[in-house]
Structure formats: structure tokens, C-alpha cells
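Take a look at the letters that make up each chain.
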Amino acid sequence: MTNIPVISKTGLWTPEESVSNAELVESFNAWSTKWNDEHAEEIAAGTVEAKPLSNVEFIEKASGIKSRYVINKSGIVDPDIMRPVIPERPDTDVSVLAEIAVNAARQALDAAGRDASEIDAVICAASNMQRAYPAMAVEIQDALGINGFGFDMNVACSSATFGIQTAADFVRSGSAKSVLMVNPEICSGHLNFTDRDSHFIFGDVATAVLVENKDITNGDHWEILGSSLKTQFSNNIRNNFGFLNRAAPETRDNKDKLFVQEGRKVFKEVVPMVVAMIQSELDRLNLQPTDLKRMWLHQANANMNRLIAAKVLGREATPEDSPTVLDTYANTSSAGSIIAFHKHCDDFEAGDRGLICSFGAGYSAGTVMVEKSCA
Ligand code: COA
């Protein structure tokens with residue numbers, strides 16, 4: 001009998017605290033003004049450049065972001081700290097990244113009516129793991145009481161689609177019937193809140209996707225019609241933090257140990273890559289753009305999504321065609337397209353089709369074509 005992979009349910013955990021653009025800009029401007037005062041002589045002598053001020057209107061116009069959820073607000077908005085304060089936990093406690101993944105996972109399992117004992121594997125797919133090892137997925141597996149196996153994978157902002165295809169391939173091959181794929185993203189931990197060009201970009205969240213064999217699903221689900229993955233090396237989005245530079249002093253000049261990007265180049269190079277990928281996936285599956293009720297695109301930039309959707313559809317996209325969650329969540333790396341899917345899929349009827357699409361550092365991009373199927 002053929003094994004058909006489906007998405008049976010998803011889960012979403014959102015932090016309680018959020019930071020508006022106005023709050024973020026206020027702390028950034030207080031920090032940069034203080035820095036400029038402290039370096040007034042060098043700035044006057046022309047040996048260092050003054051730090052520029054940030055601007056609420058710019059942020060919303062350039063990105064579509066109005067606010068972001070974060071795991072710790074007080075540290076981020078304190079001009080003397082400018083980073084989330086996340087206390088280290090003893091090894092006997094569940095780690096923060098595992099905890100938020102478990103929160104999202106429990107939602108997906110409950111919604112699917114699935115007991116942890118019925119899950120065969122856990123994939124933790126995210127931009128940043130909290131530690132080198134043991135794998136986050138193994139801790140998440142343990143916290144949920146899941147048997148079988150778990151492992152981590154990192155394909156930056158595209159991690160979720162790569163995780164879904166991997167899970168779907170396990171189901172197709174018969175090596176698993178039910179795979180939990182989670183995306184815990186504490187993006188505020190790798191964001192440089194003292195960099196004006198990027199301090200507004202990211203937020204924190206966790207998502208979960210249950211990928212299962214169609215023959216064990218209980219209710220409505222999403223058949224995975226096909227998926228495609230692509231990577232192409234680029235330095236335009238990069239983070240050099242790693243175990244080989246652990247002794248590097250954590251100064252603000254050490255910028256490349258946090259997220260850095262050439263945003264304009266990313267925009268220009270990734271849009272055509274993703275459009276071509278979606279078009280060739282539609283061709284491969286013998287579908288037309290009009291066969292798509294919705295595209296749940298990666299949430300990095302509203303203008304980028306508008307352009308991608310318009311190029312694929314051949315017309316301006318409506319919020320129904322390509323919903324955004326950027327205004328409230330900002331860029332949540334791999335979780336973005338899954339949040340969009342989770343929040344904007346209830347109006348689908350049997351036979352309606354949609355596309356989950358991610359893109360980001362690597363470069364990396366992935367598509368997952370789904371069709372609603374009712375019990
Ligand atoms: N406040 C005020 N002005 C700012 C600012 C801020 N916070 N940040 C940048 N600016 C200024 C720049 O210095 C620049 O000024 P200049 O023209 O005098 O040089 C101007 O605004 C335009 O900056 P630019 O970086 O060219 O803006 P942009 O329109 O390209 O938008 C991004 C910036 C990052 C939002 C946008 O390029 C983007 O989202 N790219 C894709 C990023 C992406 O998808 N990354 C993937 C991550 S997973």
C-alpha cells in the first residue's frame with residue numbers, strides 16, 4: 001500500500017511579551033545618543049562615525065513590521081543592555097528552546113488527538129540551536145514522552161520546509177508513520193539590537209507540524225502533493241557565531257557573531273530564485289497559479305512577499321492570496337510560513353490547494369504543496 005504523507009495538525013506558541021516599533025526605536029535612539037555623547041571627541045575628529053537614529057516610519061514602510069513578540073522584553077528595551085536577558089538554566093531543567101517547542105508541539109498533538117506514544121520521530125528544525133549537543137530534538141522527545149528517535153537540522157529561515165520534506169520522506173519510505181517537526185525560534189538571541197539596519201527585523205515564536213501517514217489520521221488534514229528544496233551559497237545573510245570562536249569577546253564591534261545581512265541584495269537575488277522555484281514546482285505538479293487558493297510565504301519582508309506573490313499570480317495578490325503575519329510577529333525565521341499557515345487555513349474546503357514556501361540564508365528555499373482533505 002502506498003504511504004501518503006499529510007500534515008495532520010499544526011501548533012503555535014507565542015511569547016506573552018511584545019515590543020512595538022515605537023518602543024524599539026526609543027531604546028535604540030537612547031542607546032545611540034548615549035554612544036555618540038561618549039564618543040563626541042572621536043566623532044568631531046572624524047576618527048569614528050556617529051551612530052544614526054532609527055525611525056518608526058522607515059521600519060514599517062521598508063518591512064511591514066509593526067511589532068514583534070519576544071521572550072524577554074526588559075533587556076531588549078533597556079539602552080544599557082540591548083539584548084534579551086535569558087537566565088541559564090541548570091542541566092536538570094528543560095532548556096528554553098526545548099520548552100517553547102514543547103508548548104507548540106502539545107497544541108499540535110492535542111489538535112490531532114495524538115498521544116505522544118504514537119509519535120515515531122522528532123525533528124527540531126530551526127535557525128539556531130541552544131547548544132551543540134545533546135540534540136534539542138532528543139530533549140523535546142524526552143519532555144513529551146516520545147519513543148523512537150529525534151535529530152536537529154538547521155537550514156536557517158527555510159528549516160521548516162526542509163523539515164517537512166524530510167518528515168514526508170520518512171512517511172513515504174515507511175520508516176515512520178507520525179513525525180513531529182518543530183521550529184523553536186528565539187531570533188532575538190542572534191539579533192544585534194545596536195545595528196540600526198536590522199534591529200527591527202526579528203521576533204520569537206515556536207511552531208509545530210505533525211506530518212503523518214494518511215492512513216492513521218483521524219480528522220481533516222492536508223495531503224502533501226509534493227515538495228521541492230533548493231540551496232545556493234551566499235554570504236549575504238550570515239552569522240559567524242560558533243564553537244570555534246567561543247572565546248571572542250562579546251563586544252558590539254564583534255557584529256559578525258550575530259545576524260548580518262545585505263538586505264537589498266537578498267531582496268534582489270532571492271525574489272527571482274523563489275518565483276522560478278514556485279513556477280517550476282507548479283509545472284512539475286501540472287498545476288496553474290489559479291489552482292492555488294493561497295500561498296503561505298516566508299515572513300521576512302512585506303514588499304518582498306508582495307512581489308513574489310504578484311509575479312507568481314500575474315496580478316497583485318490580496319491578503320487572502322498571500323496573508324502576512326509580519327505586522328505582529330516580525331520575521332520569525334523558519335516559523336514564519338508555518339504561523340501564516342496555522343492562522344490562515346480554516347477557510348479551506350476539501351480539494352483546495354495552497355503552497356507553503358520558505359526562503360532565507362544559505363541561500364535556501366523550499367516549497368510544500370498541500371491539498372485540504374476532509375475526514
Ligand atoms: N531607520 C531609519 N533609516 C534606516 C533604518 C532605520 N532603522 N535602517 C536603514 N535605514 C536607512 C539606510 O541607511 C538607507 O539610507 P541611505 O539611503 O541614506 O543609505 C535607507 O534607510 C534605505 O535602507 P535600505 O537598507 O536600502 O532599505 P531597504 O528598503 O532595502 O529595506 C530591509 C531594508 C532589510 C528591510 C530590506 O532590504 C529587506 O527586508 N530585505 C530582505 C531581507 C531578507 O529577506 N532577509 C532574510 C532574513 S531571513
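Note that the structure is predicted; figures quoted are calculated from it, not measured. By convention here, each chain's residues receive numbers from 1 onward along its written sequence. It should be noted that, the model being predicted, local features are given only for residues of pLDDT at least 70 and side-chain atom pairs only at 80 or more, the latter also being counted only at that level, while totals for whole chains, interfaces and linings use all residues. Each side-chain value is worked out from all heavy atoms of the structure, with water and hydrogens disregarded.

A. Looking closely at the site of the ligand. For each residue, the test is whether any non-hydrogen atom lies within 4 Å of the molecule or strand; if one does, the residue is near. Around the ligand, the structure places 19 residues, and the nearest of them are Cys157, Arg196, Gln261, Arg264 and Asn301. Identification of polar contacts relies on pairs of N or O atoms within 3.5 Å, with a donor-acceptor requirement for protein atoms, meaning one able to donate a hydrogen and the other able to accept it, and with residues adjacent in sequence counted only if both atoms are side-chain atoms. Take Asn55: an N or O atom from its main chain is 3.2 Å from a nitrogen atom of the ligand. A distance of 2.8 Å separates a nitrogen atom of the ligand from a polar atom in the side chain of Gln261. When the ligand is considered free in solution it has 970 Å² of accessible area, and contact with the protein chains removes 73% of it. If you list the elements that add at least two residues to the shell around the ligand, you get helix 3 (56-63) and helix 8 (263-284). Here the shell around the ligand gets four residues from one element, more than from any other, and that element is helix 8. Here the term charged refers only to Asp, Glu, Lys and Arg, the term nonpolar to Ala, Val, Leu, Ile, Met, Phe, Trp, Tyr, Cys and Pro, and the term polar to all other amino acids, Gly among them. Partitioning the shell around the ligand into residue classes produces nine nonpolar, seven polar and three charged. To measure how exposed things are, a 1.4 Å probe is used in the Shrake-Rupley method; for residues, cover is taken only from the protein chains shown. Runs of E in the DSSP output that reach at least two residues are strands. Runs of H or I that reach at least four are helices, and both are numbered from the N terminus.

B. Geometry of the packing of aromatic side chains. Side-chain rings of Phe, Tyr and Trp (the six-membered ring for Trp) are treated as a pair once their centres are within 6.5 Å; stacked means planes under 30 degrees apart, edge-to-face means over 60, and tilted covers the remaining angles. Scanning the entire structure with this criterion turns up twelve aromatic pairs. With a centroid separation of 5.2 Å and an interplanar angle of 55 degrees, the aromatic rings of Trp222 and Phe348 are classed as tilted. In this pair, Trp222 sits in strand 8 (residues 221-231) while Phe348 sits in the loop between helix 11 (336-343) and strand 12 (353-360), placing the two residues 126 residues apart along the sequence. Classification of Phe348 by relative accessible area gives buried; the value is 3%. Ring centres of Trp296 and Phe341 lie 4.7 Å apart, and the angle between their planes is 90 degrees; this geometry places the pair in the edge-to-face category. Placement of Trp296 in strand 11 (residues 292-297) and of Phe341 in helix 11 is noted, with a sequence separation of 45 residues between them. One aromatic cluster is present, formed by Trp222, Trp296, Phe341 and Phe348 through successive ring pairs. Charge over a ring is defined by NZ of Lys or CZ of Arg lying within 6 Å of the ring centre and within 35 degrees of the ring normal. The lysine or arginine in question, Lys293, covers the ring of Phe348, its NZ or CZ lying 5.3 Å from the ring centre. Classification of residues uses two cut-offs on accessible area relative to the type maximum, computed with a 1.4 Å probe and protein chains only: under 20% is buried, over 50% is exposed, and between them is partly exposed.

C. Helix 6 (residues 136-144), seen in detail. Turning to helix 6, its buried residues number three or more, namely Met136, Ala137, Glu139, Ile140, Gln141 and Leu144. Just downstream of helix 6, Gly145 is the residue with a positive phi angle, here 75 degrees.

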